[in-house]
Amino acid sequence: MRVDVTPRRAEIVPGHPQLLTITIANTSNVIGGYAIRVLGADPGWVQLQTDRVSLFPDQTDTVQLTVTAPVGVPAGPRRIAVQVRELNPPERSTIVELDLEVPAARSVRMRVDPLTVTAGHRATFSVIVENTGNTVLNARLGGDDPENKVRFTFNPEAITLAPGEHAVADLKATGPRHITGSPTVRTLGLYLDDVPTDSFFTAAADADELAAPARGDVPPLANATFLQRAVLARGALSLFGLLAAITVFAVLITLAMSRLVGQSTADRNLALQIAAAQQNGTVSGTSGVSGTVRLLTSGDPVPAVAVSVFDASDTSTPVATTATDSKGSYQVTNLAAGKYKISFRGAGFIQLWYPGATSDADAKTITLTTGQLQAGLDVTLGGVPASIGGKVTGDNVADATVYLETTGTAAAGGTSAASAYGGLIAAPLMTGGTGSATGSPGTGVPGGGAGAVVTSVPVGSDGTFSIVNVPSPSVYELVVTKAGYATSTQRIDIGAGESRTGVQLQLSLGDGLIAGTVSSPTGPLGGVTVTAVAGQSSSDTVSLSVGDVGAFTLRSLPTPASFTITASKHGYASQTLTLSLAAGQKLTGVAITLSTSSAALDGTVTADGAGATGVIVTATNGQLTVSTVTETTPTPGRWQIGGLPVPGTYTVTFSRSDLSAQTISIGLGATGAITSGSQVAQLGTDGSINTTMHSATEDVFGTVTQTGASGCDAGRFGEATVTLTSGTSSYTTTTASSPAAQCGDYYFDRIPPGTYTLTVSAGTGTSPSSRVLTLTASDTPKRADVTLARPASLSGTLAATDSNGATVKSCGWTVNLYTEDQYPTVVSKTTTTTCSGSAANGTFSFAGVAAGTYVVDVRLTPGSSSLASEVVTVGPSEAVDAGTIKVSSGG
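Residue positions are given per chain, counting from 1 as you read along its sequence in written order. Restriction of local features to residues with pLDDT of at least 70 applies here, the model being predicted, together with a cutoff of 80 or more for giving and counting side-chain atom pairs; totals for whole chains, interfaces and linings are based on all residues. Derived side-chain values reflect all non-hydrogen atoms in the structure, with water molecules and hydrogen atoms excluded from consideration.

Student: Quick question: what am I supposed to make of unusual backbone geometry here?
Tutor: The phi angle of most residues is negative, glycine excepted, and most peptide bonds adopt the trans form. Residue Thr-633 is joined to Pro-634 through a cis peptide bond whose omega torsion reads 0°. Put simply, Val-646 and Pro-647 share a cis peptide bond, and its omega is -5°. The way it works is that DSSP assigns letters per residue, a run of H or I at least four long becomes a helix, a run of E at least two long becomes a strand, and they are numbered from the N terminus. Looking at where Pro-647 falls in the secondary structure, it is placed in the loop between strand S49 (638-645) and strand S50 (648-656). One non-glycine residue, Asn-334, lies in positive phi territory at about 60°. Along the chain, the position of Asn-334 falls in strand S24 (residues 329-335).

Written out as C-alpha cells, the structure is:
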C-alpha cells in the first residue's frame with residue numbers, strides 16, 4: 001500500500017473550503033480494501049468523499065478531502081493526519097501528516113460616540129475599538145485634523161486586544177478658539193497606529209518616547225466633528241450691539257425729551273419691542289436644504305462630514321454649518337429665501353462643492369423660496385482616481401509586464417489605505433490595464449504573493465509604462481516580470497488624485513546560477529524548496545526527489561548580487577545562508593543540511609495482558625499539547641503522536657477511567673531520537689514506548705450457599721439479592737440460577753477502592769447475611785463467599801376425635817397456612833397430613849416460611865368447613881413446632 005496526500009502544506013481561510021487529494025495505490029497482488037479517517041481535527045472541519053476504497057492489484061484511486069475552518073478560528077498552524085488502514089490481513093496502516101495554516105486576518109472596527117460635540121476649548125468623546133480579526137492587536141490611538149490645530153489626548157493611549165475583544169478609550173480634543181465669529185468646524189480623524197511587539201509600551205512615559213507615525217494619505221478608521229464655539233459668538237455681539245443701541249436711544253430720549261418725563265412708560269416699551277423685532281428678522285428664515293453623503297466606491301453612508309451653506313455671493317464665511325449623522329444624512333433649516341452654495345468636507349476626502357465640483361466657482365447655485373425645504377441634495381465623496389507612469393530599465397525590456405498589486409497588509413485583512421478606502425480595489429472599476437492575473441511574483445506570475453493583482457500593463461519597447469484609473473489614496477506594489485529575468489518589486493504610496501510619474505523599475509538579466517545539494521542527517525533530501533532573494537529580485541526551485549536526489553539549481557539570477565538562500569521542507573528546520581555572485585558567475589557545489597524540525601512518538605499500552613484500547617495518550621512540552629487514543633483495530637492498544645518540535649522534553653500521560661494513570665518524561669534529540677535520560681520503562685528496538693497499565697478499581701465475586709437449598713447443586717443458592725454499598729455508592733446484582741455449575745455465583749466489576757458492606761438476602765424466611773469488605777486498586781479480583789442460614793419452617797400434629805370422644809385417624813386432611821392479616825381469605829401455603837404406619841395422628845410441615853405470625857387452619861378436604869385453627873409465630877430461620885392440634889371431626 002502506498003499513500004500520498006497533496007498538498008501536504010495548505011493555507012485554510014476560515015469559512016472557505018480547502019480541497020486536498022488522498023492518493024491510495026494497491027501495491028499487493030490481491031484485491032485490497034482500505035479504510036480512511038482523519039486524525040487530530042475537529043470532525044466538523046473535515047469531510048471525506050468516502051471512507052472506504054476497494055482496489056485491484058496495482059490500481060490507484062483518489063479520494064477528495066475537504067477541510068473547512070469555521071469563521072473566527074484563531075490564526076496559526078494546525079497539524080492533522082490522514083490514516084489509511086488495510087481491511088484485509090495483515091491490516092497495516094499508514095499515516096500521512098498535513099500542516100494547515102490559518103492565515104492572520106487583521107481587522108478592526110472603530111466607533112465614536114457622540115459623532116458631533118459642540119463645545120468651547122475642549123470636546124470629550126468616547127472611542128470604541130473592536131478587534132474583529134483573528135490575531136492579537138497591539139496598537140496606540142492617534143488622531144489628526146486637516147488644519148493640524150487640535151491636540152488629541154487618549155486614555156488609555158495604548159491597547160492590546162485579543163480576537164473578539166473590545167476596548168473603550170476617552171478622547172479629549174483641545175483646540176484654539178476664535179475670539180469672535182461663527183462656530184469653527186473641526187473634522188477629527190482617528191487612527192490606530194501599530195506598535196511593534198518589542199517596543200510596545202504600557203506606561204504613558206513610554207508612549208511619549210514614540211514619535212507619531214507618518215500616515216500620509218491613509219484615511220482614518222473613524223471621524224468625529226468638533227463644533228468649536230468662539231469666545232464671543234455672533235449672537236452675543238448682536239446682543240451687545242442691541243444693548244448699546246438701546247442705551248444710546250434711551251440717553252437721546254432723556255436729553256431731548258426731558259420735558260416729557262411724566263409721559264407713560266408704555267410708549268418706551270413699544271419702541272423697544274419694535275427694535276427687537278427688527279433685529280430678529282435679520283437672522284431667521286423658513287427655508288432649508290437636506291440630503292445624504294455617500295462613498296463614491298461603495299455607496300455606504302459617510303458620517304461626520306462637515307456641511308457648510310454659503311451665500312452664493314460670498315463663499316468665504318458660511319451662513320450655517322452642520323454635520324452628517326450616522327446614516328450620512330444632513331439637514332440645514334432656518335435659512336432665508338435666497339441663493340446658496342453648499343460645500344462638503346471630511347477627513348481623508350477632497351473638499352467637494354454640490355453637486356460634484358472641486359471649487360466654489362463650479363458649484364451649483366441652490367435657489368430657495370420662502371418656506372421651501374429642498375431635499376435630495378445628495379453627493380458622493382471619494383479620492384480622485386490617480387495615475388502611475390514610469391520606465392523599466394534594463395536589457396531588452398520589451399514584452400515585460402508591470403503588475404499593480406495590493407500590499408500584503410491589505411490582503412491580510414488589515415486597515416491599510418486600500419481596504420479602508422471602501423473596497424475600491426476589489427471593485428471592477430479598473431479600466432486602464434489589461435486585466436488581472438493570479439500566481440506568484442516570485443515565479444514570474446503575479447498574484448500569489450502577499451497582495452492581490454489590481455491590474456497589469458505591458459511595457460513598451462522603450463521601457464515606458466502607464467497605469468490610469470488607480471484607486472486612491474492607497475499603497476501598492478509595482479511588480480515587473482519577464483521570462484528569463486529576475487522579478488523586481490517596488491512599493492509605491494499614491495495620494496488622492498495624484499499623477500505619479502518618473503517611477504523607475506529595474507529588470508535584471510538573470511545570467512547567474514547557484515547549484516548544489518540538500519541533505520539531512522540520514523542522506524540526500526528531495527522535495528526541499530530553495531529560494532534565492534536579492535533585493536527586489538527572487539527565484540526558487542525544488543530539490544530532486546528521483547535520480548540525483550537532493551540536487552537543486554537556481555538559474556537566471558541577476559549578477560553581480562548578494563543572495564539570501566533559504567531551504568525549507570515540511571518536517572525539517574529551515575536553513576538560511578548568504579551567497580554572493582560576481583558578474584556572470586555560476587556557483588556550484590553548494591551544500592545545505594537540514595535537521596529534523598519535528599518528530600513522532602509511538603508505542604503500545606497493555607492491561608491485563610492484552611492491548612488496552614481507548615486509553616488517552618497526551619504529550620506536552622508546556623506550550624504544545626497533542627493527544628490521541630489507543631487503537632481498537634487493527635492493533636489494540638497501539639498509538640502514535642506526531643508533529644513534536646525537536647529538540648525538546650515532553651511529558652507523556654496515559655489515562656483511562658478504570659486504569660491508574662501513568663506519566664513519563666521523554667527527551668527528544670535534534671534527530672527525533674529518544675534521549676538516554678528519558679523515563680521509559682520499556683523501549684522497543686524500533687524506538688516504540690511500551691507501557692503496562694494497572695486497574696484503578698477492584699472486582700468482587702463469590703458464591704452464595706445455604707444448607708438444604710433446593711434447585712442448585714451442593715447447596716448453591718440461586719436468585720439471591722447481593723448488595724454492595726459504601727454509604728455514597730450502591731451496587732446490586734442477583735446470583736445466577738443456571739447453569740447448575742454456576743448457580744449461586746455473583747460478580748461485581750470495576751468497583752472503586754473503599755470500604756463496603758456486602759449484604760445477601762433471600763426473602764424466603766432466611767435472615768440476611770452481611771459482611772464488611774475493604775477494596776483496593778488491584779488487577780486481582782476479591783473473593784467473598786456467603787453462606788445463608790436455613791430458612792424458617794413450621795410443622796405440627798393433628799389429634800382428631802369424633803363426637804363420642806373416640807380417636808379418629810387424621811391422615812389426608814387439609815392444612816392451610818394463612819398470614820395473620822389475610823386470614824381467612826388468602827391462603828399462603830397448603831399441605832396434606834400424613835400418618836406414619838398405623839398411627840392415627842397425622843403430621844404436617846411447611847418449609848421456606850418467611851418470618852411472621854400465621855394462622856394454621858385444619859379441614860377435612862379443600863373447600864370444607866374449618867375444623868380447628870391455631871395462631872403460630874415464626875422467626876427468621878426458625879424451625880417452629882406447633883405441637884399437637886386437637887381436632888373434633890364431629891362424626
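Here the narrative resumes.
Student: Just to check I follow, could you spell out the sheet that holds strand S4 (residues 32-39) for this structure?
Tutor: Strand pairing within a sheet occurs via backbone hydrogen bonds; the two strands may be parallel or antiparallel. When DSSP locates at least two bridges between a pair of strands, those strands are taken to pair. Reading across from one edge, S2-S9-S8-S4-S6 is the order of the 5 strands in this open sheet, with mixed pairing throughout. Since the sheet does not close on itself, it has two edges, and those belong to strand S2 (9-11) and strand S6 (52-55), each with one partner. Pairs of neighbouring strands in the sheet enclose a mean axial angle of 25°, with direction left out of account. Alignment of strand S8 (residues 76-86) against strand S9 (residues 93-102), held across 10 bridges, turns out to be antiparallel. Note that in S9 the partner of Ala-81 across the bridge is Glu-97. Only the contacting stretch of a helix is used when fitting its axis, a line to C-alpha atoms as for every element, and angles between N-to-C directions run 0 to 180 degrees.

Student: Whenever I open this one, the side chain of Asn-816 confuses me. Can you help?
Tutor: Within the secondary structure layout, Asn-816 lies in strand S64 (residues 814-819). Polar side-chain contacts of Asn-816 include one of 2.7 Å to the side chain of Thr-830. What makes two residues a contact is simply this: any of their non-hydrogen atoms within 4.5 Å. With residues near it in sequence (within four places) discarded, Asn-816 still touches Val-827, Lys-829, Thr-830, Phe-846, Val-855, Val-856, Asp-857 and Arg-859. Here a polar contact is recorded for every N or O atom pair within 3.5 Å, except that within protein the pair must consist of a potential hydrogen donor and a potential acceptor, and residues adjacent in sequence are included only if both atoms are side-chain atoms.

Student: Help me out: how do you make sense of the packing of aromatic side chains in this one?
Tutor: Two measures describe an aromatic ring pair: the distance that separates the ring centres and the angle between the ring planes. Pairing of aromatic side chains requires ring centres within 6.5 Å, counting the rings of Phe and Tyr and the six-membered ring of Trp. Pairs whose planes differ by under 30 degrees are stacked, by over 60 edge-to-face, and all others tilted. Scanning the entire structure with this criterion turns up 8 aromatic pairs. Measuring from ring centre to ring centre gives 5.6 Å for Tyr-330 and Phe-344, while their planes differ by 70°; the resulting arrangement is edge-to-face. Here Phe-344 lies in strand S25 (residues 338-345) and Tyr-330 lies in strand S24, a separation of 14 residues in the sequence. Accessibility assignment for this pair places Tyr-330 and Phe-344 in one class, buried. Summarising the aromatic geometry, the rings of Phe-701 and Tyr-747 are spaced 6.1 Å apart at their centres and angled 25° between planes, so their arrangement reads as stacked. Placement of the pair is Phe-701 in strand S54 (residues 698-706) and Tyr-747 in strand S57 (residues 745-751), with a sequence separation of 46 residues. Think of it in three bands: with a 1.4 Å probe and only protein chains considered, a residue is buried below 20% of the maximum accessible area for its type, exposed above 50%, and partly exposed in between.

Student: Before we go on, may I ask you to explain the environment of Lys-809 in this structure?
Tutor: Of note, Lys-809 is situated in the loop between strand S63 (807-808) and S64. By relative accessible area, which is 46% here, Lys-809 ends up partly exposed. Sequence-distant contacts of Lys-809, that is, excluding residues within four places in its chain, are made with Gly-837, Ser-838, Ala-839 and Ala-840.

Student: So what exactly am I meant to see when it comes to the sheet that holds strand S58 (residues 754-761) here?
Tutor: Spatial strand order, S56-S55-S58-S59: 4 strands in an open sheet with antiparallel pairing. Each edge of the open sheet is held by one strand with a lone partner, namely strand S56 (730-734) and strand S59 (769-775). Direction aside, neighbouring strands of the sheet carry axes that sit 20° apart on average. Of the pairings in the sheet, the one linking strand S55 (residues 721-725) to S58 comprises 5 bridges and is antiparallel in character. Residue pairing for S58: Thr-725 is matched across the bridge by Thr-757.

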